[in-house]
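Tertiary structure, described
Chain residues, written in single-letter form:
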Amino acid sequence: MSNRTFTMIKPDAVRAGNIGNILQMINGAGFRIVAMKYLHISKQQAEKFYEVHAARPFYGELTEFMSSGPIVAAILEKDNAVADFRKLIGATNPAQAEEGTIRKKYAASIGENAVHGSDSDENAAIEGNFFFNGLERF
Ligand code: CMP
């Protein structure tokens, strides 16, 4: 079990003005910010990041959306980070997300679901490395 996970505040939540609200929930749940960036990724960068989903029917829609505006990318630290963060964000489909979760509060649909959270320690490391080098982690 690792103590780090990776997140993105997605373009829908950024457009809706919810960066501050979401960061407050993340800090309030006990996560420490190890690294953070505000950036607008290209379609090609989104395709590379979501390569594991390349065969899925929603791949085009997903990568189009993720490159449609700026995002906040971050590495977060806490005991049991991957599982606890997935609990905090709620189900991928906000219609199934529990009360009090980030997606329940701020997500509109399964495609535009406000935040990303890594699904395993291995992917947390891969995803964090995609955005941050060693000098950008504190
Ligand atoms: P995320 O946790 O960022 O990882 C993969 C993303 O694919 C997921 O969040 C969803 O936003 C998106 N996704 C999953 N299923 C669908 C779907 N049926 N239609 C559109 N997007 C989807």
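As the structure is a prediction and not an experimental result, all values here were calculated from the model.

To describe a pair of aromatic rings, you give the distance between the ring centres and the angle between the ring planes. Within this structure, the stated rule accounts for 8 aromatic pairs. Judged by centre distance (5.4 Å) and plane angle (15°), the rings of Phe-6 and Phe-131 are stacked. Taken together, the residues span a long stretch of sequence, with Phe-6 in strand E1 (residues 4-9) and Phe-131 in helix H7 (residues 121-131) at a distance of 125 residues. Residue classification places Phe-6 among the buried positions, given a relative accessible area of 0%. For Phe-131, a relative accessible area of 7% corresponds to the buried category. Through a chain of ring-to-ring contacts, the aromatic side chains of Phe-6, Phe-49, Tyr-50, Phe-130, Phe-131 and Phe-132 assemble into a single cluster. Against the face of Phe-31 rests Lys-78, its NZ or CZ located 5.6 Å from the ring centre.

On to the pairing of strand E3 (residues 71-77). Residues in a regular strand project their side chains so that they alternate between the two faces of the sheet. Taking burial as the measure, the 7 residues of E3 include 7 buried ones, the bulk of the element. Of the two faces of E3, both are covered, the one formed by Ile-71, Ala-73, Ile-75 and Glu-77 as well as the one formed by Val-72, Ala-74 and Leu-76.

Further remarks concern the site of the ligand. As a matter of local geometry, the ligand sits amid Lys-10, Tyr-50, His-53, Phe-58, Glu-61, Leu-62, Thr-92, Arg-103, Ile-110, Gly-111, Asn-113 and His-116. Separating an oxygen atom of the ligand from a side-chain N or O atom of Lys-10 is a distance of 2.7 Å. Take His-116: an N or O atom from its side chain is 2.9 Å from an oxygen atom of the ligand. Isolated, the ligand exposes 460 Å² of accessible area, and the fraction of that covered by the protein chains is 80%. Of the residues in the shell around the ligand, the class split is 4 nonpolar, 5 polar and 3 charged.

The rules we used
- Residues numbered from 1 in each chain as written.
- Predicted model: local features only at pLDDT ≥ 70, side-chain atom pairs only at ≥ 80, totals over all residues.
- Heavy atoms only, no water.
- Phe/Tyr/Trp six-rings, centres within 6.5 Å; stacked < 30°, edge-to-face > 60°.
- Helix = DSSP H or I, 4+ residues; strand = E, 2+ residues; numbered from the N terminus.
- Buried < 20%, exposed > 50% of the residue type's maximum accessible area, 1.4 Å probe, protein only.
- Lys NZ or Arg CZ within 6 Å of the ring centre and 35° of its normal.
- Near = heavy atom within 4 Å.
- Polar contact = N/O pair within 3.5 Å; in protein donor to acceptor, adjacent residues only side chain to side chain.
- Areas by Shrake-Rupley, 256 points an atom, 1.4 Å probe, with all protein chains shown as cover.
- Nonpolar A, V, L, I, M, F, W, Y, C, P; charged D, E, K, R; others polar.

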